[in-house]
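These are the residues of each chain, in order.
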Amino acid sequence: MNYIPTNKVSVIPVIHRATLKDITMTAPRVNYAHVAPHTYKALLGLEKAMGESSLEKSLHELIKIRASQLNACAYCIDKHTSDAIALGETQRRIFALSAWHEAPFFTDRERAALLWTETLTLLADKGAPEAIYTVVAEQFDDRELTDLTFAIATINAWNRFGVGFGMQPAE
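Quick notes on the rules
- Residues numbered from 1 in each chain as written.
- Predicted model: local features only at pLDDT ≥ 70, side-chain atom pairs only at ≥ 80, totals over all residues.
- Heavy atoms only, no water.
- Salt bridge = Lys/Arg side-chain N within 4 Å of Asp/Glu carboxyl O.
- Helix = DSSP H or I, 4+ residues; strand = E, 2+ residues; numbered from the N terminus.
- Buried < 20%, exposed > 50% of the residue type's maximum accessible area, 1.4 Å probe, protein only.
- 1 Å grid on protein atoms, 1.4 Å probe; cavity = no way out; pocket = protein on both sides within 12 Å on 5 of 7 lines; lining within 4 Å.
- Points joined across faces, edges and corners; volume = space filled by probe spheres on them.
- Nonpolar A, V, L, I, M, F, W, Y, C, P; charged D, E, K, R; others polar.
- Axes fitted to C-alpha atoms, helices over the stretch in contact; angles between N-to-C directions.
- Parallel < 35°, antiparallel > 145°, perpendicular 65-115°, else oblique.
- Left-handed = near helix turned anticlockwise from the far one by under 90°.
- Contact = heavy atoms within 4.5 Å.
- Core = buried A, V, L, I, M, F, W, Y, C linked by side-chain atoms within 4.5 Å.

S.K.: What am I meant to see in the pattern of salt bridges here?
M.R.: Two side chains that carry opposite charge are able to pair once their charged atoms sit near each other. According to the stated counting rule, one finds 9 salt bridges in the structure shown. Of the charged contacts in the structure, one is a salt bridge between E118 and R66, with a shortest N-O distance of 2.8 Å. In this pair, E118 is assigned in helix α6 (residues 108-121) and R66 in helix α3 (residues 57-70), connecting sequence segments 52 residues apart. On the accessibility criterion, R66 (8% relative accessible area) is buried. Overlapping salt bridges bring together E47, E61 and K64 as one network.

S.K.: Can you help me understand the layout of surface pockets in this one?
M.R.: Gaps left between atoms show up when a probe the size of a water molecule is rolled over them. There is about 240 Å³ of room inside the second largest pocket. What lines the second largest pocket is a set of 15 residues, and nearest its centre among them are Y75, C76, K79, H80 and W158. Those elements giving two or more residues to the lining of the second largest pocket turn out to be α2 (37-50), α3, α4 (74-86) and α9 (142-164). Per-element accounting of the lining of the second largest pocket gives the leading share, 5 residues, to α4. Broken down by class, the residue content of the lining of the second largest pocket amounts to 8 nonpolar, 2 polar and 5 charged.

S.K.: What exactly am I supposed to notice about the packing of α6 against α9 here?
M.R.: When two helices pack together, their arrangement is given by the angle between their axes and by how far apart the axes lie. Packing of α6 against α9 leaves a shortest axis separation of 10 Å and a crossing angle of 50°. Judged by the inter-axis angle, α6 sits oblique to α9. Considering the relative orientation of α6 and α9, their crossing is right-handed. The segment α6 lies against α9, with R109, A113, W116, T117, L120 and T121 engaging E144, L145, L148, T149, I152, N156 and R160. Classifying every residue of the contact of α6 with α9 by side-chain character gives 6 nonpolar, 4 polar and 3 charged.

S.K.: I would appreciate a short explanation of the nonpolar core in the present structure.
M.R.: If you look at soluble globular proteins, the nonpolar side chains tend to sit buried side by side. L55, I63, F106, W116, V136, F140 and L148 are the most contacted members of the largest nonpolar core, which has 26 residues in total. Among the elements of the structure, α3, α6, α8 (130-137) and α9 are those that each provide at least two residues to this core. Take this core: its biggest share by element is 6 residues, from α6. The residues touching L55, leaving out its near neighbours within four places in the chain, are I63, R109, F140, E144, D147, L148 and A151. Membership of the second largest hydrophobic core comes to 8 residues, among which are Y32, L43, C73 and I155.

S.K.: Sorry, what's going on with the environment of F165 here?
M.R.: Position of F165 relative to the elements: it lies in the segment after α9. F165 sits in the partly exposed class, given a relative accessible area of 23%. As a C-alpha pair, F165 and R29 span 136 residues in sequence and 5.0 Å in three-dimensional space.

Laid out in structure tokens, this is it:
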């Protein structure tokens, strides 16, 4: 295990992704829906409200997949890839999602949504710069931009439960 000093007094252990295969979870750590049903139901309510979003369902699934890739949530990647395919999304576009910047088959609107997804998912890296907001706002009206932001926030919440509590897709 390597250590990164946080100040002159303490250190924080860091586990590199290359060693994560040695500690992969095979069963959930906590049944959070059972332990905290009231907050779980609130998160489900937010997810249900997103079903009434102004965003296209296919775009919503691309957002969920991309955020889940960035957060390394295998459970959510598996679930939302299947959901996207069921909605008619092509495997080719799903396979290229992690390289959407270079792939020629995403629309300007999809690119803006994916840019906003990456920006808000990786918020600690560089915040949400005005230049990025301007690019995104050119593709979405106020309601859509708000729905987009709620969609990103919601999948990031689910990813934190999936990764934090060791959820795995079925084999």
